[in-house]
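Listed below are the residues making up each chain.
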Amino acid sequence: MKKKVALHNLGCKVNAYEAEAMQQLLEEAGYEIVPFEPGADIYLINTCTVTNIADRKSRQMLHKAKKMNPEAIVVAAGCYAQTDTGKLEKDETVDLILGNNQKKNIVEALAEYEEAHCKETHVIKINQTKEYEELSIDSTAGHVRAYIKVQDGCNQFCTYCIIPYARGRVRSRRKEDVLAEVRALADKGYKEIVLTGIHLSSYGVDFGKGETETLLTLIQAVHGIEGIERIRLGSLEPGIVTEEFAAGIAALPKVCPHFHLSLQSGCDRTLARMNRRYNSGEYAQRCALLRRYYENPAFTTDVIVGFPMETEEDFWESYHFVDEIHFYETHIFKYSRRRGTKAAAMEGQLTEAVKSERSDKMLELHDRHASEYEESMLGRKLEILLEEEVMINGKSCYIGHSREYIKAAIEKQEGLKVNDIVTMQASGFLEKHLMTGKVLL
């Protein structure tokens, strides 16, 4: 009788990819994957540690798993398992601890535990490894869009961030392994690939002398794979957007004009305290460069409000900069004090009330910008990848996204199906941030 495994993932797209890769390894080894509910023999939680709240959620899910079946094997994998191994070793609800760069060994680790029946820890000194952990998938829960991890680790050490300690130094995946995975997904019918990593812009910097692979050369290689019709890029650092990079990707029609350029603050004083390694002027130049090569690209970003010592003047400087760049989407985060980071020990920690007030102002700005960008697309022809069929206002519709990642709904009609890419003449909105229009056959 097959052992039943329930998986739960916390955190980023890289974590989600790794959870899917572990699930595939378990399925290939003969395990049955079941919902995260009572009745499983094994509960695998892929943890997150990006904030103190993420740590707490990771612990809560581990304890919830044990309550659902006290006899089950509870596995803590990933970033929280890596950074707080000692705490988990004392936690009686956790049976098996699997740090980063150990997820590929999930099947062997479970077999060892079943044989020994005593708590086991598989955690390496992540900052001392140069090995990229090779994981892969040939299918994904999304069915039409596949995230591909091509890089791990980070060398930046931003003062608010624990991730370099959880993920280690930059490690890049070999191009031939990336291409093999993309080909396998293309053969399964996937049309859109999202290249992602912990610090995607660093791809290739760890390769030896004489190797010339960069993120741009990787994108160019993926572009040549038959069956892939869209390439989307994960979060980029502004410094990667050089004339060569912008011209290079603009020459590749499969690359979507949707760029997530990490900002964090539009105030130079705050950026310096964050150790972000660029200033607002340099950031604006990179956006202008992409706008020279693309007619109306969608820019999305992350902004932290309430960073230690952020004055009212600093906040408004950041606010006006965000307004000036006019992002399509701005993901707003209230600064969260993360134990173990330099920022946690800084003076000038702000109250939650101040952070919330500033967050609300930024969210209002985001909402206005999103609507204005979408309205600028009315009357244009948008290419929509149909992702799922849903009911809207009593009518069957396909939901999908444009190359700019604008969400759209198209009324179901004969000849259309999920995973088709169609051209839509944008004409209006079914609801806020849900565009619609006529399919041009």
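The numbers attached to residues start from 1 for each chain and follow its sequence in the written order. The predicted origin of the model limits local features to residues at a pLDDT of at least 70 and limits the giving and counting of side-chain atom pairs to 80 or more, whereas totals for whole chains, interfaces and linings rest on all residues. Side-chain measures were taken over the full set of non-hydrogen atoms in the model, leaving aside hydrogen atoms and water.

Novice: Sorry if this is basic, but what is going on with unusual backbone geometry here?
Specialist: The phi angle of most residues is negative, glycine excepted, and most peptide bonds adopt the trans form. In the Ramachandran plot, tyrosine 405 falls in the positive-phi region, its phi being about 70° despite a non-glycine side chain. The cut-offs for exposure are 20% and 50% of the maximum accessible area for each residue type, with area from a 1.4 Å probe on protein chains only; residues under the lower value are buried, those over the upper are exposed, and the others partly exposed. Take tyrosine 405: its relative accessible area is 25%, and that puts it in the partly exposed class. Positive phi, close to 60°, is recorded for histidine 433, a residue that is not glycine. Among the residues examined, histidine 433 registers a relative accessible area of 25% and is labelled partly exposed.

Novice: Looking at this model, I keep getting lost on the layout of surface pockets. Mind explaining?
Specialist: Gaps left between atoms show up when a probe the size of a water molecule is rolled over them. Only protein atoms enter the calculation, which uses a 1 Å grid: trapped sets of points that fit a 1.4 Å probe without letting it out are cavities, open sets showing protein on both sides within 12 Å along at least five of seven lines are pockets, and any residue with an atom within 4 Å of a point is a lining residue. Grid points are joined across faces, edges and corners, and a volume is the space filled by probe spheres set on the points. Each pocket or cavity is described by its volume, and for the second largest pocket that value is around 290 Å³. In this structure, the second largest pocket is lined by 14 residues; those nearest its centre are Thr140, Ala141, Gly142, Arg145 and Tyr147. Starting at the N terminus, helices and strands are each numbered in turn, a helix being any DSSP run of H or I of at least four residues and a strand any DSSP run of E of at least two. Counting only elements with at least two residues in the lining of the second largest pocket, the list comes to α1 (13–28), β7 (145–152) and β14 (381–392). The leading source of residues in the lining of the second largest pocket is α1, at four residues. Residues are grouped as follows: Ala, Val, Leu, Ile, Met, Phe, Trp, Tyr, Cys and Pro are nonpolar; Asp, Glu, Lys and Arg are charged; all remaining types, including Gly, are polar. Of the residues contributing to the lining of the second largest pocket, the split by class is seven nonpolar, two polar and five charged.

Novice: Explain the pairing of strand β10 (residues 230–233) here, please?
Specialist: Of the two faces of β10, the one lined by Arg230 and Arg232 and the one lined by Ile231 and Leu233 are each fully buried. In this fold, the crossover linking strand β9 (residues 192–197) to β10 by way of helix α8 (residues 215–223) has right-handed handedness. Look down the strands so they point away from you; if the path from the first strand over the helix to the second goes clockwise, the crossover is right-handed.

Novice: What am I meant to see in the sheet that holds strand β16 (residues 407–411) here?
Specialist: Consider a sheet: its strands pair through backbone hydrogen bonds, and that pairing is either parallel or antiparallel. As summarised here, the arrangement of the five strands in space is β14-β15-β16-β18-β17, forming a closed barrel in which the pairing is mixed. In this sheet, neighbouring strand axes are inclined to one another by 45° on average, regardless of whether the strands run parallel or antiparallel. Here, strands pair whenever DSSP counts at least two bridges between them. Here strand β15 (residues 395–402) pairs with β16 via five bridges, running antiparallel. Its bridge partner lying in β16, isoleucine 399 is registered against alanine 409. In this analysis, axes come from line fits to C-alpha atoms, helices being fitted only over the stretch in contact, and the angle between any two N-to-C directions falls in the range 0 to 180 degrees.

Novice: Looking at this model, I keep getting lost on the nonpolar core. Mind explaining?
Specialist: Side chains of a nonpolar character, in soluble globular proteins, are inclined to be buried together. By size, the foremost hydrophobic cluster in this structure holds 54 residues, and its most contacted members are Leu215, Ile219, Phe245, Ile249, Leu290 and Met362. Among the elements that make up this core, the one with the highest residue count is α8 (six residues). When sequence neighbours within four positions are dropped, the list of residues in contact with leucine 215 reads Leu200, Ser201, Tyr203, Leu236, Ile240 and Phe245. Formed by 21 residues, the second largest nonpolar core is a distinct cluster that contains Ala6, Phe36, Ala54 and Ile97. Grouping buried Ala, Val, Leu, Ile, Met, Phe, Trp, Tyr and Cys residues that are joined through side-chain atoms within 4.5 Å yields what is termed a nonpolar core. Contacts are assigned to residue pairs with any non-hydrogen atoms lying within 4.5 Å of each other.

Novice: Would you mind going over the sheet that holds strand β13 (residues 329–334) with me for this structure?
Specialist: A sheet is described by the order of its strands in space; here three strands give the open sequence β11-β12-β13, paired in parallel fashion. A strand with exactly one partner marks an edge of an open sheet, and here the two such strands are β11 (258–260) and β13. Averaged over all pairs of adjacent strands, the angle between strand axes in this sheet comes to 15°, irrespective of strand direction. Where β11 meets strand β12 (residues 298–305), three bridges bridge the pair, whose relative direction is parallel. In the strand pairing of β12, histidine 258 is matched with alanine 298.

Novice: Looking at this structure, I do not really get the environment of leucine 44. What am I missing?
Specialist: Looking at where leucine 44 falls in the secondary structure, it is placed in strand β3 (residues 42–47). Residues leucine 44 and aspartate 91 lie 47 residues apart in sequence; the distance between their C-alpha atoms is 15 Å.

Novice: Is there a simple way to think about helix α7 (residues 175–187) in this case?
Specialist: An α-helix turns once every 3.6 residues. As a result, residues three or four positions apart point the same way. The first and last C-alpha atoms of α7 sit 18 Å apart over 13 residues, in line with the 18 Å expected at 1.5 Å per residue. Within α7 the residues assigned to the buried category are Val178, Leu179, Glu181, Val182, Leu185 and Ala186. On an axial view of α7, the arc spanned by its buried residues comes to 160°, and they lie on one face. Those residues of α7 that are exposed and angled more than 90 degrees off the buried face are Glu176 and Asp187. Elements in contact with the buried residues of α7: α1, β7, β9 and α8. After α7 finishes, the residue glycine 189 shows a positive phi value of roughly 105°. Residue count minus one, scaled by 1.5 Å, sets the expected span of a helix. Directions drawn from the helix axis to the C-beta atoms are what define this arc.

Novice: Teacher, can you tell me more about the pairing of β9 here?
Specialist: Residues in a regular strand project their side chains so that they alternate between the two faces of the sheet. Counting buried residues along β9, six of its six residues qualify, which places the element largely inside the surrounding structure. Alternating positions in β9 separate into two faces, Glu192, Val194 and Thr196 on one and Ile193, Leu195 and Gly197 on the other, with burial throughout. Across six bridges, the pairing between β7 and β9 is parallel. Bridge assignment links isoleucine 148 to a residue of β9, and that residue is leucine 195. In this sheet, β10 lies alongside β9 in parallel orientation, the contact comprising four bridges. For valine 194, the partnering residue across the bridge sits in β10 and is arginine 232.

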